[in-house]
Amino acid sequence: MVATGAYALGWRLWLLMVAVHWAAGARPCSPKYFGLNAMVCVCNATYCDTLDPVVLPALGTYVKYESSKAGKRLERSEGSFQRSLRAPDLVLTVDTAQRYQEVKGFGGSLTDAAAINILSLPETAQDHLLRSYFSKEGLEYNLIRLPMASCDFSLHAYTYDDVPFDYELKHFSLRDEDTKLKIPLLHRASAMSKRPLSLYGSPWTAPAWLRSNGDVRGKGALKGQAGDKYHKTWANYFIKFLDEYVKHNVTFSAVTVQNEPLAALLSPSQFPTIVFTAEQQRDFVVQDLGPALARSSHRTQLIILDDQSTHLPHWAKVVLGNATAARYIAGIGVHWYLDSIVPPRCSLEATHELFPHHFLLYTEACSGFLTRRFSVSLGCWDRGQRYSHSILTVLNHFVSGWTDWNLALDMKGGPNWVKNYADSPVIVDSSKDIFYKQPMFYHMGHFSKFIPEGSQRVGLQQSRRCLFCPLEHVAVLRPDGALVLVVLNRFGWHVPFGIQDPAVGFIEAVAPANSIQTYLWRQQ
């Protein structure tokens, strides 16, 4: 009776807390634990946690959003600037006179697998999931990556023209995966979003009759060489893809030349990819894809590489070192999987210094890949911290945005036809008509919700140099003139610190153990 009574009391208290938050607009997390500190937030057709829309605080005050391993999830609080600090050991000083790269935004990928999982839920739960990502009550994603036809996160391998030797692409057509799954979801997401959504497409594989191995699967190259009928056809395939999506009122801001052109380094043997060297990609852009896009009616930008940072700056030197190729190309796509091998100053920053007018964009990242036992680790705080650590690191080395991999996966981390399972910020359990928001989801929100497209990284100085610095951070100036400071503490102890904005004053702060904070304030 005591246990039952305690449970009932706890449930009533939680309902009371929900009622209070509903009155304010936000709804708190409905927590579920999968081990010590392994917490997810549970959503279903009748309930899902939400956030208040961002409102700039009054001058001289700030708002703080905090998530932590201890259980906070974008918890909002307010405070006022002070005239002085009580001499903390570490002070972060914002310097808006120092301006760096503009931000393109943050988002995730709408793969076949993500669409299948979202649509496996009851319709109201689907809306909760989409709103959680795209609405002002959620993370306000503005970037969406979309595979051109199948990828490994599909039920099977397919292309848009499997009729052999159709060099004029007369049989090119979108598949049910596009027209019945992804396109309807794109329209729903767009209707929920207050921010314009920027879509970019990425190809995994070409039709078998264009590939050297005669199969859409595996690691074949395009037949022939740049400028021939195979490469011209493949370039026109991109244009057909854009044409067909326009008929469904969907436009793309960019396409990447090829997903992981050197994927043989990491992927399973059946993984679908087209192998390109940097020299081959350069020649394909110069002779085929660049001119095809330029002749088309589409104002779609071109992104090269779309592979590991270890290929930089070499890949950029080869491709962008060609003046003709550089004119066709807007940016460089980067994946995070081998980031620990090369320091970002040697890859990302070196590339930016060589080619400052071409943006750097992280186009794919996920946890749990290439692990059979723990592809999905429900409630894992460390995987969320890895996301924030990556985003903070690359933003401080001239990257303009960061795109997660699958928006939603199932309890196994799929479906994936090559069994290359992975984790996701949202995990769907269709057998219970629920989905789980993981720590990765909230870590993404500390950036995506508060740093809109058009923001610009600004200077941020530490009061002291340290070989072992417990805090990671970035400062950003928003288009509306507000400042955002994100602070990550990946360690198991509290860290006192101060924030100084010479135009406003000081904030006396503490970064709790294993926490991430986002501060927002106005300068005028």
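That block above? That's the structure.
Residues numbered from 1 in each chain as written. Predicted model: local features only at pLDDT ≥ 70, side-chain atom pairs only at ≥ 80, totals over all residues. Heavy atoms only, no water.

(A) Spatial organisation of the sheet that holds strand 5 (residues 91-102). The nine strands lie next to each other as 4-3-24-21-20-19-5-22-23, forming an open sheet whose pairing is mixed. Two strands bound the open sheet, and with one partner strand each, they are strand 4 (75-80) and strand 23 (505-511). The mean inter-strand angle of the sheet, taken between neighbouring strand axes irrespective of direction, is 30°. Relative to strand 22 (residues 495-501), strand 5 is paired through three bridges, and the arrangement is parallel. Bridge assignment links Val91 to a residue of strand 22, and that residue is Gly498. Across the sheet, helix 11 (residues 439-448) touches strand 3 (61-68), strand 21 (482-489) and strand 24 (515-522), and the angle it forms with strand 24 is around 20°. (Pairing = 2+ DSSP bridges. Helix = DSSP H or I, 4+ residues; strand = E, 2+ residues; numbered from the N terminus. Axes fitted to C-alpha atoms, helices over the stretch in contact; angles between N-to-C directions. Contact = heavy atoms within 4.5 Å.)

(B) Layout of the pattern of salt bridges. According to the stated counting rule, one finds 24 salt bridges in the structure shown. Lys72 is the partner of Glu66 in a salt bridge, and the nearest nitrogen-oxygen pair spans 3.2 Å. Glu66 gets classed as buried once you look at its relative accessible area, which sits at 4%. A salt bridge links Asp306 to Arg145; the shortest N-O distance between them is 3.0 Å. (Salt bridge = Lys/Arg side-chain N within 4 Å of Asp/Glu carboxyl O. Buried < 20%, exposed > 50% of the residue type's maximum accessible area, 1.4 Å probe, protein only.)

(C) Structural view of helix 9 (residues 344-354). Considered for burial, the residues of helix 9 that qualify are Ser347, Leu348, Ala350, Thr351 and His352. Looking at the buried residues of helix 9, the elements they touch are helix 7 (314-320), strand 13 (331-335), strand 14 (359-364), helix 10 (381-395) and strand 15 (399-406).

(D) Quick peek at the nonpolar core. Counting 129 residues, the largest nonpolar core has Leu110, Tyr245 and Trp402 as the members making the most contacts within it. With nine residues, the top contributor of residues to this core is helix 5 (residues 229-246). Excluding residues within four positions of it along the chain, Trp402 makes contact with Gly105, Phe106, Gly107, Trp336, Leu361, Tyr362, Ala365, Tyr387, Ser390, Ile391, Val394 and Met444. The next biggest cluster of nonpolar side chains, apart from the first, holds 21 residues, and it includes Phe81, Leu92, Leu483 and Ile499. (Core = buried A, V, L, I, M, F, W, Y, C linked by side-chain atoms within 4.5 Å.)

(E) Up close: the packing of aromatic side chains. Tallied over the full model, the rule gives 33 aromatic pairs. For the ring pair Trp204 and Trp405, a centre distance of 5.6 Å and an interplane angle of 5° mean the geometry is stacked. Placement of Trp204 in the loop between strand 8 (198-203) and strand 9 (219-220) and of Trp405 in strand 15 is noted, with a sequence separation of 201 residues between them. Judged by its relative accessible area of 0%, Trp204 is buried. The exposure class of Trp405 is buried, given its relative accessible area of 2%. Taken together, the ring pairs connect Tyr160, Phe172, Trp234, Tyr237, Phe238, Phe241, Tyr245 and Phe252 into an aromatic cluster. The ring of Tyr100 is capped by Arg457, whose NZ or CZ atom sits 4.0 Å from the centre of that ring. (Phe/Tyr/Trp six-rings, centres within 6.5 Å; stacked < 30°, edge-to-face > 60°. Lys NZ or Arg CZ within 6 Å of the ring centre and 35° of its normal.)

(F) Geometry of the packing of helix 5 against helix 6 (residues 278-295). Where helix 5 meets helix 6, the closest approach of the two axes is 9 Å, and the angle between their N-to-C directions is 30°. Classified by the angle between their axes, helix 5 and helix 6 sit roughly parallel to one another. The way helix 5 lies across helix 6 gives a crossing that is right-handed. In this structure, helix 5 uses His231, Lys232, Trp234, Ala235, Asn236, Phe238, Ile239 and Leu242 to contact helix 6, whose residues at the interface are Phe284, Gln287, Asp288, Leu289, Ala292 and Leu293. Looking at the contact of helix 5 with helix 6 residue by residue, the class counts come to nine nonpolar, three polar and two charged. (Parallel < 35°, antiparallel > 145°, perpendicular 65-115°, else oblique. Left-handed = near helix turned anticlockwise from the far one by under 90°. Nonpolar A, V, L, I, M, F, W, Y, C, P; charged D, E, K, R; others polar.)

(G) Structural view of unusual backbone geometry. For the peptide bond that leads from Leu312 to Pro313, omega is 5°, which places it in the cis range. Relative to the assigned elements, Pro313 resides in the loop between strand 12 (301-308) and helix 7. Cis geometry is found at the peptide bond from Gly414 to Pro415, where omega equals 5°. Tracing the backbone shows Pro415 in the loop between strand 16 (409-410) and strand 17 (426-429). The residue Asn37 is not glycine, and still its phi comes out positive at about 60°. Structurally, the position occupied by Asn37 is in the loop between strand 1 (31-33) and strand 2 (39-43). The partly exposed category is assigned to Asn37, whose relative accessible area is 31%.

(H) Representation of the packing of helix 10 against helix 11 within the structure. At a minimum axis separation of 7 Å, helix 10 and helix 11 run at an interaxial angle of 25°. Classified by the interaxial angle, the pair formed by helix 10 and helix 11 is roughly parallel. The two elements helix 10 and helix 11 cross, and the hand of that crossing is right-handed. In this structure, helix 10 contributes Trp381, Arg383, Gly384, Gln385, Tyr387, Ser388, Ile391, Leu392 and Leu395 to the contact, and helix 11 contributes Pro439, Met440, His443, Met444 and Phe447.

Such coordinate-based values are descriptive only and should not be taken to indicate function.
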